[in-house]
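Structural characterization, general
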Amino acid sequence: MVIQWFPGHMAKAKRQVEEKMKMVDVVLELLDARLPMSSRNPLIDRLVGKKPRLVLLTKTDLADPAATEAWVSHFNRLGLDVLPVDATTGKGVAQIPKRCEALLAEKFAALARKGIRTRRIRAMILGIPNVGKSTLINRLAKRNAAQTGDRPGVTKGQQWIRIGNTLELLDTPGILWPKFEDQQVGLRLAASGAIREEILPLEEVAAFALQYMVNRYPDLLKERYGISPGEVQEGAWMLEEVGRRRGCMRKGGEVDLEKAAELVVHEIRSGRIGRISLETPDDWQKEGESSAHESPGNDSVH
Ligand code: G4P
């Protein structure tokens, strides 16, 4: 789904999420396991407030398992409950109802003490476009139940989907925007496929990803493209080298950089390159932004 996030769309999306939020007991916040901070909405803490929240790290089948583990510890340290999931195979998904029950145990026990009959826990899924919201809803529902056409600004009827004996889920997920105003974050989002409309030149995205892999995944770089760390200089050089080695050539013997970039980005997004993550908690700490949940740039959305 391609959404152009203009301020008006952001304001509508925020309002719609606030409306949905009133209807639920628990929020399932979806973050891409390969880039959890970059795929996080800048206003999320403010929007969710004190409502119980389960953070789901999605697409773990594509992510580096060690980085995912580091992210789980990181979010736990921030006091957030986290569960890594892979909605395509269903790994981790069966634990969602139990984790929601645990988060709501106290509230429901208090209701029971007052003689209020226990009902199903109401949940909503929340996340940026392409993070895997619809796939997860369908996996939880065990059928095609997600209202995939939901876009900010379009109000649709919504329904509850029953999940097992304890949970019910809104079939329309809450859609929020990422923090794309930061260049580094934008490159990570584009490399993962979260920004599909190529806001950033693909050659820049591919060079960035190759550069990141030099330090973090040199073995994969060697395996996939035959580039050894010793011969590596920088991203743009590597992209040209990949193009040459993989036969992305123009007539006249020049490397077709656009084609090479398409190849690299496709192999990253599909996981063909191997399981890689595009950021770690350490990267964020180094960038001096590990505690910056909210970006002042987006605070003006009302
Ligand atoms: P959204 O509702 O949040 O916008 O995301 P959606 O579920 O539509 O998923 C976006 C893309 O990510 C889809 O691929 C989907 O198959 C893929 N995806 C979702 N969850 C996972 C996961 O756990 N692992 C992997 N590897 N991929 C996942 P697509 O290319 O847009 O569509 P399609 O090729 O599946 O048709």
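What you see is a predicted model, and the numbers here were worked out from it, not measured in a lab. (Residues numbered from 1 in each chain as written. Predicted model: local features only at pLDDT ≥ 70, side-chain atom pairs only at ≥ 80, totals over all residues. Heavy atoms only, no water.)

Digging into the overall build of the protein
Quick note on the threshold: Only DSSP runs of H or I with at least four residues qualify as helices, and only runs of E with at least two residues qualify as strands; both kinds are numbered from the N terminus onward. Based on C-alpha atoms, the radius of gyration is set beside the globule rule, defined as 2.2 Å times the residue count to the power 0.38. Using a 1.4 Å probe on the protein chains alone, a residue whose accessible area is under 20% of its type maximum counts as buried, one over 50% counts as exposed, and one in between counts as partly exposed. Working definition of accessibility: Shrake-Rupley area with a 1.4 Å probe, residue cover restricted to the visible protein chains.
Along the backbone of the protein there are eleven helices and seven strands. Whereas a compact globule of 302 residues would reach a radius of gyration of roughly 19 Å, the protein reaches 21 Å, a difference of no more than 12%. Taken over 302 residues, the protein has a buried fraction of 51%. Of the accessible surface of the protein, which amounts to about 14,200 Å², a share of 49% is contributed by carbon and sulfur atoms.

Points about the pattern of salt bridges
The following threshold applies: The rule for a salt bridge is simple: a side-chain nitrogen of Lys or Arg has to be within 4 Å of a carboxyl oxygen of Asp or Glu.
Scanning the model with the defined rule gives 20 salt bridges in all. Glu 29 is paired through a salt bridge with Arg 53; the nearest N and O atoms lie 2.8 Å apart. Within this pair, whereas Glu 29 is found in strand β1 (residues 26–32), its partner Arg 53 is found in strand β2 (residues 53–58), the two being separated by 24 residues in sequence. Classification of Arg 53 by relative accessible area gives buried; the value is 11%.

A closer look at the pairing of strand β6 (residues 167–170)
Keep this limit in mind: By the convention used here, strands pair only if DSSP detects at least 2 bridges between them.
Neither face of β6 is exposed, since Leu 167 and Leu 169 on one face and Glu 168 and Leu 170 on the opposite face are all buried. Here strand β4 (residues 121–127) pairs with β6 via three bridges, running parallel. Bridging across to β6, Ala 123 finds its partner in Leu 169. Examined bridge by bridge, strand β5 (residues 160–163) and β6 share four bridges and lie antiparallel to one another. In the sheet register, Trp 160 faces β6, and the bridge partner there is Leu 170.

So, the packing of helix α9 (residues 235–245) against helix α10 (residues 257–270)
Packed helices, taken two at a time, are described by their axes: the angle between them and the distance between them. Cut-off, in case you're wondering: Angles shown run from 0 to 180 degrees and are taken between the N-to-C directions of axes, each axis being a line fitted to C-alpha atoms and, for helices, limited to the stretch in contact. Here roughly perpendicular refers to angles of 65 to 115 degrees, roughly parallel to angles under 35, roughly antiparallel to angles over 145, and oblique to all remaining angles. Two residues form a contact once any of their heavy atoms are found within 4.5 Å. Polar here means any residue outside two lists: the nonpolar Ala, Val, Leu, Ile, Met, Phe, Trp, Tyr, Cys and Pro, and the charged Asp, Glu, Lys and Arg; Gly therefore counts as polar.
Packing of α9 against α10 leaves a shortest axis separation of 9 Å and a crossing angle of 90°. The angle between α9 and α10 falls in the class roughly perpendicular. In this structure, α9 uses Leu 239, Glu 240, Val 242 and Gly 243 to contact α10, whose residues at the interface are Leu 257, Ala 260, Ala 261, Leu 263 and Val 264. Its residues placed into classes, the contact of α9 with α10 shows seven nonpolar, one polar and one charged.

Quick word on the environment of Lys 59
Within the fold, Lys 59 resides in the loop between β2 and α3 (65–77). Put simply, Lys 59 and Arg 122 are 63 residues apart on the chain and 24 Å apart in space, counted from C-alpha to C-alpha. Contacts of Lys 59, omitting those with residues within four sequence positions, involve Asp 32, Arg 34, Val 85, Asn 130, Val 131 and Gly 132.

Some thoughts on the site of the ligand
Heads up, the rule is: Any residue with a heavy atom lying within 4 Å of a molecule or strand is counted as near it. Side-chain atoms alone can form a polar contact between residues adjacent in sequence; in general such a contact is a pair of N or O atoms within 3.5 Å, and within protein one must be able to donate a hydrogen while the other accepts it.
If you check the shell around the ligand, you find 15 residues, and the closest are Asp 61, Asn 130, Ser 134, Thr 135 and Arg 196. Residue Ser 134 places a side-chain N or O atom 2.7 Å away from an oxygen atom belonging to the ligand. With respect to the ligand, the side chain of Thr 135 contributes an N or O atom lying 2.5 Å from an oxygen atom. Taken together, the residues of the shell around the ligand break down into five nonpolar, five polar and five charged.

Some remarks on the nonpolar core
Soluble globular proteins tend to pack their nonpolar side chains together in the buried interior. Here is the rule we go by: Take the buried residues of types Ala, Val, Leu, Ile, Met, Phe, Trp, Tyr and Cys, join any two whose side-chain atoms come within 4.5 Å, and each joined set is a nonpolar core. Delimitation of the domains relies on an automatic or database domain assignment.
Formed by 75 residues in total, the largest nonpolar core has its most connected members in Leu 28, Leu 56, Leu 57, Ile 96 and Leu 136. Ranked by residue count, the leading element in this core is helix α7 (residues 202–216), at nine residues. Residue contributions to this core reach at least three from each of two domains, namely domain 1 (3–171) and domain 2 (201–286). Each residue touching Leu 136, except ones within four places of it in the same chain, is listed here: Leu 30, Leu 56, Ala 87, Val 93, Ile 96 and Ile 125. Of all hydrophobic cores here, the second largest spans 18 residues; its members include Ile 3, Met 10, Val 17 and Leu 43.

Let's talk about the domain arrangement of the protein
To keep things clear, this is the line we draw: The term buried area means the drop in 1.4 Å probe accessible area that two parts suffer when joined, counted for both and summed.
Domain boundaries in the protein define domain 1 (3–171) and domain 2 (201–286). In this structure, domain 1 and domain 2 have C-alpha centres spaced 33 Å apart. Contact between domain 1 and domain 2 buries roughly 1,200 Å² in total, counting both sides, with carbon and sulfur atoms accounting for 54%. In this assembly, domain 1 and domain 2 are joined by one salt bridge. In this structure, Arg 216 engages Asp 64 in a salt bridge whose closest nitrogen and oxygen atoms are separated by 3.2 Å. Linking domain 1 to domain 2 there are twelve residue pairs in polar contact (both at pLDDT 80 or more). For the side of domain 1 that touches domain 2, a count of residues per class yields ten nonpolar, three polar and three charged.

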